[in-house]
Amino acid sequence: MGRRSIPVTRLGMPRPPPSPQTVTRGEVGGRAMSEPGWVTHAVMWQIYPLGFVGAPKVADARELAGVADAASLAGHDGADAGGRSLGGTAAALPGGAAPHVEHRLPRLIAWLDYAVELGASVIALGPIFASESHGYDTIDYFRIDARLGDLSDFDRLIEEAHSRGLNVLLDGVFNHVGRGFAPLQRALNGGPNARERDWFVSQGDSGGHPQFAVFEGHDALVTLNHAEPEVADFVVSVMTYWLGRGADGWRLDAAYAVPAAFWASVLPRVRAEHPNAYIFGEVIHGDYSEIVEAAGFDSLTQYEVWKAIWSSINDANFFELAYALGRHNGYLERFVPLTFVGNHDVTRLATVVDDRRHQAHALVVLLTIGGTPSIYYGDEQGYLGVKEQRAGGDDAIRPEFPEGGPSRLGGGGSGSGSGAGSGPGSGDGWPTYRLHQNLIGLRRRHSWLHSARTETLKLTNAFFAYQVVAGSPVTPAESGPASGESSLSITPRLVVLLNLADEPYTLELPGAPVLLAGAADLAATSTGVSAVTPANGWAILEG
């Protein structure tokens, strides 16, 4: 495969795609890290495809017809990574009818330019493999969900994304499977000597039928036995197959529930074939650094900072955020976390932040601290949605986007129009999109922010000033457009001012910083500047 072209958006931000032939692992603080070099510039736009394209919530019999495991894959030899046969198929309709396919996945193509204009360089897809309902109950890891399309649709999406310099990540559910997964069916129905019984965690028999452990009490999600070597072989075969087909990396769903030793055995085998793949785990609690090191992840989800951002804003308690950023600094010594203020599992930012005037503050934090930031589709349009703990409780946060592309949102379609979007939003629509554009553009012009550390300058309940400092000296080109032409390495910094109070806040700062974004009145003093942040305002300064 030849080198792809490097598009440049109207914001002047280059999008260098990874070269499949050249592996460049990243550095943090001058030390080599387990992270592909292309991730240094990455900003993700996360999509939940089944919701995005308006697919039915549950696959019907026509869509499940003929669904099989790896052996059914055209062009695949029906063997796992260890050469063992994975033969057999799941139940089909009478007469062996082929599954009914709805080609909805191509609807995403109309939104790729929208993602590029937003400033994203990565499309992070939620589940796209054959499943029975929400996608996290996978029944065939080598088939595209028939509600979305087929392999040709996937190939086209990859080609279109790559042609725009967009990398594509897939969502791998390797902790558990759906009830229709063919090896599980054989384990349930094949008697005590069924080979695949060891793929699952036995809970004894009931009435002569084997019982297997399930994930977090969900009977439809049967847990894989990660101590079984054939399960590791199978996961390797899935991950390498889709990377070989053009995907650029993986999100590992419920990685926190899988023993770290399993990932430590699987990921080196995957990287041996695809060393430039980016692989991060879904982890909520625990010592993130220890988990990354033990499992071999490139990164994991930074839920500590996610919670601290919106909670500290709602409670006017910036001490919580300052504490979380202190822990975040420690993680950045070992790896670069995946940061976010919204995803497919949590209440929308525009809903969870009580005061609409302070929603921008959350985004400012996300895009000025170290990390690999991810924007959840719809958040950039101010979409609303509450996550509920009930059946169907995720539907409100996984909505359909209009068919036909951004023009159907109203207000201009390219991000340059005025007025609110027509989706389930807060009424901010395109202005919220443009705020995302501007802050993502600022971040990408200061690529050193990827591994930057934060230092508190001033902290009260309702006012927080912190400076962001590069993890190691950088060249002026990496520092940003205001850094000058010197060839000497420098340690750049930004200053972030956040005010939740109904009165302006005045802070004395050294040097001669300039305003990059937001609003602040700067007046020179004998020792530097006096910076006045407006009531409920924010500002980003440089210098």
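Our structure's up above, just so we're on the same page.
What follows concerns the nonpolar core. When a protein is soluble and globular, its nonpolar side chains tend to lie buried together. Core analysis: the largest hydrophobic core is formed by 138 residues, its most contacted members being Trp45 and Trp250. Top contributing element to this core by residue count: helix 6 (residues 229-244), with 10 residues. Grouped together as the second largest cluster of nonpolar side chains are 11 residues, Val495, Leu497, Leu507 and Leu541 included.

So, about the environment of Leu459. Within the secondary structure, Leu459 is located in strand 18 (residues 453-459). Relative accessible area serves as the criterion here: at 24%, Leu459 is assigned to the partly exposed category. As for Leu459 and Ala322, which are separated by 137 residues in sequence, their C-alpha atoms are 8.1 Å apart. With residues near it in sequence (within four places) discarded, Leu459 still touches Phe318, Phe319, Ala322 and Phe464.

Bringing the pattern of salt bridges into the picture now. Note on pairing: side chains with opposite charge can pair once their charged atoms come close. Here the structure, examined in full by the defined rule, presents 27 salt bridges. For Arg164, the salt bridge identified is with Asp113, shortest N-O distance 2.7 Å. One end of the pair, Arg164, is in the loop between helix 4 (151-163) and strand 7 (167-172); the other, Asp113, is in helix 3 (residues 112-118), with 51 residues separating them in the sequence. The class of Asp113 is partly exposed, set by a relative accessible area of 43%. Between Asp155 and Arg245 there is a salt bridge whose closest N-O contact spans 2.8 Å.

The geometry of helix 9 (residues 303-314) relative to helix 10 (residues 318-332) is characterised by a closest axis approach of 8 Å and an angle of 160° between their N-to-C directions. Relative to helix 10, helix 9 is oriented roughly antiparallel. Considering the relative orientation of helix 9 and helix 10, their crossing is left-handed. Packed against helix 9, whose contacting residues are Glu304, Val305, Lys307, Ala308, Ile309, Ser311, Ser312 and Ile313, the element helix 10 presents Phe318, Glu320, Leu321, Ala324, Leu325, Arg327, His328 and Tyr331 at the interface. Of the residues in the contact of helix 9 with helix 10, the class split is nine nonpolar, three polar and four charged.

Note that Thr454 resides in strand 18. Since its relative accessible area comes to 11%, Thr454 is described here as buried. Discounting chain neighbours no more than four positions away, the residues touching Thr454 are Leu325, Asn329, Ile369, Tyr466, Gln467 and Val468.

Let us now look at the layout of surface pockets. Over the atoms rolls a probe the size of a water molecule, and its path tells where empty space is left. The computed volume of the largest pocket comes to approximately 1000 Å³. Around the largest pocket sit 38 residues that line it, and His134, Asp345, Lys387, Asp394 and Arg398 are the ones nearest its centre. Of all the secondary-structure elements, those providing two or more residues to the lining of the largest pocket are helix 1 (49-52) and strand 12 (218-223). At three residues, the largest contribution of residues to the lining of the largest pocket is made by strand 12.

Take the packing of aromatic side chains next. Inspection of every chain in the model, using the stated rule, returns 41 aromatic pairs. Here Phe142 and Phe234 contribute two aromatic rings whose centre-to-centre distance is 6.1 Å and whose plane-to-plane angle is 75°, an arrangement assigned as edge-to-face. Within this pair, whereas Phe142 is found in strand 6 (residues 138-144), its partner Phe234 is found in helix 6, the two being separated by 92 residues in sequence. Judged by relative accessible area, which is 3%, Phe142 ranks as buried. Linked through ring pairs, Phe129, Tyr141, Phe142, Phe154, Phe174, Phe181, Trp199, Phe234, Tyr241, Trp242 and Trp250 together constitute an aromatic cluster. Sitting over the ring of Tyr377, Arg348 keeps its end group 5.6 Å from the ring centre. Note that Arg398 overlies the ring of Tyr48, its terminal NZ or CZ placed 4.6 Å from the centroid.

By the alternation rule, side chains of strand 14 (residues 278-281) split into Tyr278 and Phe280 and Ile279 and Gly281, which are all buried. The pairing of strand 13 (residues 249-252) with strand 14 spans four bridges and is classified as parallel. Of the residues in strand 14, the one forming a bridge with Leu252 is Gly281. The handedness of the strand 13 to strand 14 crossover, carried by helix 7 (residues 260-273), is right-handed. Since strand 14 and strand 15 (residues 299-300) lie parallel, the crossover through helix 8 (residues 288-295) that links them has a hand, and here it is right-handed.

In this section: the side chain of Gln359. Examined against the element boundaries, Gln359 turns out to sit in helix 12 (residues 359-366). Every residue in contact with Gln359, bar those within four places of it in the chain, is listed here: Leu349, Ala350, Val353 and Asp428.

Strand-to-strand pairing in sheets goes through backbone hydrogen bonds, with the strands running parallel or antiparallel. A sheet is described by the order of its strands in space; here eight strands give the open sequence 15-14-13-7-4-3-17-16, paired in parallel fashion. The strands lining the two open edges of the sheet, one partner per strand, are strand 15 and strand 16 (338-340). When strand 4 (residues 122-125) meets strand 7, the two strands line up parallel, connected through three bridges. Residue pairing across strands places Val122 opposite Asn167, the latter belonging to strand 7.

Parameters at a glance
Residue positions are given per chain, counted from 1 along the sequence in the order it is written. Where totals are concerned, whole chains, interfaces and linings use all residues; where local detail is concerned, this predicted model gives features only for residues with pLDDT of at least 70, and gives and counts side-chain atom pairs only at 80 or more. Note: side-chain values were computed over all heavy atoms of the structure, leaving out hydrogens and water. Definition of nonpolar core: a set of buried residues of the types Ala, Val, Leu, Ile, Met, Phe, Trp, Tyr and Cys, connected through side-chain atoms within 4.5 Å. The cut-offs for exposure are 20% and 50% of the maximum accessible area for each residue type, with area from a 1.4 Å probe on protein chains only; residues under the lower value are buried, those over the upper are exposed, and the others partly exposed. The numbering of helices and of strands both runs from the N terminus, where a helix is a DSSP run of H or I of at least 4 residues and a strand a run of E of at least 2. The contact rule is simple, with two residues in contact once any of their heavy atoms fall within 4.5 Å. We count a salt bridge whenever a side-chain nitrogen from Lys or Arg sits within 4 Å of a carboxyl oxygen from Asp or Glu. All axes here are fitted lines through C-alpha atoms, helices being fitted over the stretch that makes contact, and every angle between N-to-C directions spans 0 to 180 degrees. To sort the angles, those under 35 degrees are grouped as roughly parallel, those over 145 as roughly antiparallel, those from 65 to 115 as roughly perpendicular, and the leftovers as oblique. We call a crossing left-handed when the near helix sits turned anticlockwise from the far one by less than a right angle, and right-handed when that turn is clockwise. Under this grouping Gly is polar, as are all residues other than the nonpolar Ala, Val, Leu, Ile, Met, Phe, Trp, Tyr, Cys and Pro and the charged Asp, Glu, Lys and Arg. A 1.4 Å probe that fits into a set of points on a 1 Å grid over the protein atoms alone but cannot get out defines a cavity; an open set with protein on both sides within 12 Å along at least five of seven lines defines a pocket, and lining residues are those with an atom within 4 Å of a point. Grid points are joined across faces, edges and corners, and a volume is the space filled by probe spheres set on the points. Note on ring pairs: Phe, Tyr and Trp rings are taken, using the six-membered ring of Trp, and paired if centres are within 6.5 Å. Classes follow the plane angle, with under 30 degrees stacked, over 60 edge-to-face and the rest tilted. For a Lys NZ or an Arg CZ to count as sitting over a ring, it must be within 6 Å of the ring centre and within 35 degrees of the ring normal. Here, any two strands with at least 2 DSSP bridges between them count as paired. Seen with its strands pointing away from the viewer, a crossover is right-handed if its path from the first strand over the helix to the second goes clockwise.

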